[in-house]
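Tertiary structure, described
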Amino acid sequence: KRPPASVLFIFGGSGDLNYRKLTPALYNLFLDDYMPEKFEIAGIGRSAYTIDAYHEHLKDGITKFSRRKGEENGHWDNFSKNVTYLQMDAEDQTAYSVITDLVKAKEAEWGVHPNVIFYLAVAPQLVPAIATKLGSLNLCSDKACTRIVIEKPFGHDLQSAHDLNTLLGRMFSEEQIYRIDHYLGKETVQNIIALRFANALFEPVWNRNFIDHIQITASETVGLEGRGGYYENSGALRDMVQNHILQILCMVAMEAPVSFDANEIRNKKVDVLNAIRPFAKEKVHENAVRGQYSKGWREGKPVPGYREEKGVNPESATDTYAAVKFFIDNWRWQGVPIYVRTGKHLHQKATNITLQFRPAPHFAFPAESGETWRPNRLTISIQPEMDIRLRFQAKRPGQSMMLEPVEMVFNFDAQFGDQHAPEAYETLLLDVMEGDATLFMRADQVEAAWKVVMPILETWENRPPVDFPNYAPDSWGPEEADAMIARDNHSWINLP
Ligand code: BG6
């Protein structure tokens with residue numbers, strides 16, 4: 001089933017996100033027959049483009065970034081017929097009449113009132129002005145058909161996120177607002193729900209009685225990729241933990257939903273955020289570690305230090321690495337530490353979640369077999385590896401009872417390799433057109449996530465780091481992070 005007729009306006013139409021992610025995603029939806037029968041996509045930007053030049057620009061993005069190229073059979077021509085470009089100054093209210101005119105023209109042509117979707121792929125400081133101007137169009141009072149999509153960062157802290165929610169709430173009702181966290185669109189992230197709640201096997205052990213601790217890693221090998229201006233005012237905690245990592249944590253820790261209703265799932269997630277133990281400021285240094293990369297080497301090539309990057313203050317105190325130990329104060333998770341970490345220029349690109357189980361209550365095996373014993377682990381690899389592995393003990397063949405840890409592996413590619421796994425943005429854009437907000441952040445979710453990180457951010461801001469830079473590129477981050485987890489007799493799990 002295809003979504004209803006839709007007109008999509010992409011603010012930031014000539015920008016990077018549209019070029020790399022949005023148009024390729026819409027094009028893939030088109031190739032897979034998921035676009036509405038009737039659709040129009042209007043890129044909005046300040047730059048001057050002829051329509052041909054705009055199409056060329058987008059086509060170039062598809063050649064470079066699309067999951068499928070689909071050049072054959074004139075697909076691109078059929079798609080791009082429905083793509084237009086509006087050069088406009090988004091700060092000028094009078095310019096917005098082109099939007100209403102385009103919607104009216106399409107309505108007359110198609111004979112149906114379409115969905116109208118405003119996608120704000122612009123710098124965060126432009127969002128309030130654009131949303132306010134859109135809000136004065138009559139179109140926006142149509143709660144059923146008009147939607148606004150907001151990219152991260154959603155606020156810079158709790159107060160600014162709250163102010164932005166209040167501002168948007170004046171013009172749009174909550175069900176019209178789609179706050180994107182692209183991690184929620186990833187197939188392997190959505191699969192956490194299937195693993196946990198479509199099986200009877202895991203849920204009974206998914207709690208403090210069986211789980212010793214949880215680790216979530218989102219390590220990157222890239223640096224700033226030219227985004228110094230943005231990142232310098234953000235840092236790893238804001239850029240990755242407040243949003244993506246806390247959202248993954250919610251999926252791992254939430255209670256079972258009663259239905260797939262958008263609000264039901266989001267209520268269960270927000271319960272997790274509200275149950276995360278708030279840090280007392282004087283405890284922050286015991287439970288959170290920040291890092292910044294120095295200059296160094298990767299694969300024989302020099303890597304400039306963070307403070308040498310373009311757009312970065314040479315004495316910058318911005319974190320490019322963050323590790324935090326959380327506790328969730330509820331029945332299921334009381335006393336189970338949850339260690340999360342993320343950083344730029346680390347040794348490996350890997351996003352994964354590991355649940356480490358407690359040892360068996362009694363060990364009847366000969367003492368020497370204990371030497372090779374390892375705790376049970378369930379590891380969910382989100383990317384680039386996409387698999388789920390369960391580690392358990394097996395008897396090593398031979399005349400004595402020796403144990404050896406082995407793994408049962410479910411690999412997405414081996415199982416489903418011949419089927420198209422949609423990119424996160426495909427899933428999310430389709431959901432917006434269908435009006436399904438399950439995978440989007442509700443106002444209270446965003447604010448609850450900010451509340452979790454605020455004490456850390458405030459403590460860090462008030463106490464400038466004394467040891468920056470404190471980790472080398474291609475390493476696993478600062479030693480202090482190893483020390484933090486070692487104090488609990490654990491260590492970070494680095495998958496091979
Ligand atoms: C973005 C961050 O939200 O997520 C980037 O701003 C980060 O700094 C990116 O690199 C990671 O996304 P992915 O999908 O490549 O893991």
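These remarks concern the structure in this document. All figures in this text were calculated on a predicted structure; none of them were measured in a lab. (Residues numbered from 1 in each chain as written. Predicted model: local features only at pLDDT ≥ 70, side-chain atom pairs only at ≥ 80, totals over all residues. Heavy atoms only, no water.)

Attention now goes to the pattern of salt bridges. Taken as a whole, this structure holds 26 salt bridges when the rule is applied. Close ionic contact of Lys-64 with Asp-60 constitutes a salt bridge, the shortest N to O distance being 3.0 Å. Of this pair, Lys-64 and Asp-60 are both found in helix 2 (residues 51-65), 4 residues apart, which corresponds to roughly one turn of the helix. Residues participating in the shared-partner salt-bridge network are Asp-32, Arg-67, Arg-68 and Glu-426. (Salt bridge = Lys/Arg side-chain N within 4 Å of Asp/Glu carboxyl O. Helix = DSSP H or I, 4+ residues; strand = E, 2+ residues; numbered from the N terminus.)

Right, let's get into the pairing of strand 7 (residues 211-219). Each regular strand shows side chains that alternate between the opposite faces of the sheet. Within strand 7, 8 of the 9 residues are buried, which leaves it mostly tucked inside the rest of the structure. Sheet topology places strand 7 next to strand 13 (residues 350-357); 8 bridges connect them, and they run antiparallel. Counted as the bridge partner of Ile-214 is Leu-355 from strand 13. Looking at chain direction, strand 7 and strand 12 (residues 338-343) are connected through 6 bridges and run parallel. (Buried < 20%, exposed > 50% of the residue type's maximum accessible area, 1.4 Å probe, protein only. Pairing = 2+ DSSP bridges.)

What follows is about the layout of surface pockets. By volume, the second largest pocket is sized at about 360 Å³. Contributions of two or more residues to the lining of the second largest pocket are made by strand 13, strand 14 (377-383), strand 15 (387-396) and strand 16 (402-411). Looking at the lining of the second largest pocket residue by residue, the classes come out as 7 nonpolar, 7 polar and 7 charged. (1 Å grid on protein atoms, 1.4 Å probe; cavity = no way out; pocket = protein on both sides within 12 Å on 5 of 7 lines; lining within 4 Å. Points joined across faces, edges and corners; volume = space filled by probe spheres on them. Nonpolar A, V, L, I, M, F, W, Y, C, P; charged D, E, K, R; others polar.)

What follows concerns the site of the ligand. Surrounding the ligand, one finds Lys-152, His-182, Tyr-183, Lys-186, Glu-220, Arg-227, Asp-239, Met-240, His-244, Lys-344, Lys-349 and Gln-383. Residue Lys-344 places a side-chain N or O atom 2.7 Å away from an oxygen atom belonging to the ligand. Counting residues per element, the shell around the ligand draws most heavily on helix 9 (residues 236-253), at 3 residues. Partitioned by chemical class, the residues of the shell around the ligand number 2 nonpolar, 3 polar and 7 charged. (Near = heavy atom within 4 Å. Polar contact = N/O pair within 3.5 Å; in protein donor to acceptor, adjacent residues only side chain to side chain.)

Attention now goes to the packing of helix 9 against helix 14 (residues 443-462). Two quantities define a packed helix pair, namely the angle between the helix axes and the distance between the axes. Where helix 9 meets helix 14, the closest approach of the two axes is 10 Å, and the angle between their N-to-C directions is 140 degrees. Viewed along their axes, helix 9 and helix 14 form a crossing whose handedness is right-handed. Contact residues: helix 9 offers Leu-237, Arg-238, Val-241, Gln-242, Leu-246 and Gln-247, while helix 14 offers Gln-445, Val-446, Ala-449, Trp-450, Val-452, Val-453, Ile-456, Leu-457, Trp-460 and Glu-461. Split by residue class, the contact of helix 9 with helix 14 holds 11 nonpolar, 3 polar and 2 charged. (Axes fitted to C-alpha atoms, helices over the stretch in contact; angles between N-to-C directions. Left-handed = near helix turned anticlockwise from the far one by under 90°. Contact = heavy atoms within 4.5 Å.)

Pro-153 follows Lys-152 through a cis peptide bond whose omega is 0 degrees. In this fold, Pro-153 is placed in the loop between strand 5 (146-150) and helix 6 (158-171). Gln-383 connects to Pro-384 through a cis peptide bond whose omega is -15 degrees. Relative to the elements of secondary structure, Pro-384 occurs in the loop between strand 14 and strand 15.

On the basis of which strands lie adjacent, the open sheet formed by 6 strands has the order 3-2-1-4-5-6 and parallel pairing. In the strand order of this sheet, the two ends are held by strand 3 (83-87) and strand 6 (177-179), each with one partner. When the angles between neighbouring strand axes are averaged without regard to direction, this sheet yields 20 degrees. Helix 5 (residues 127-135) rests against strand 1 (6-11), strand 4 (115-120) and strand 5 of the sheet, and its axis sits at about 160 degrees to strand 4.

The quantities given are spatial measurements derived from coordinates; they are silent on function.
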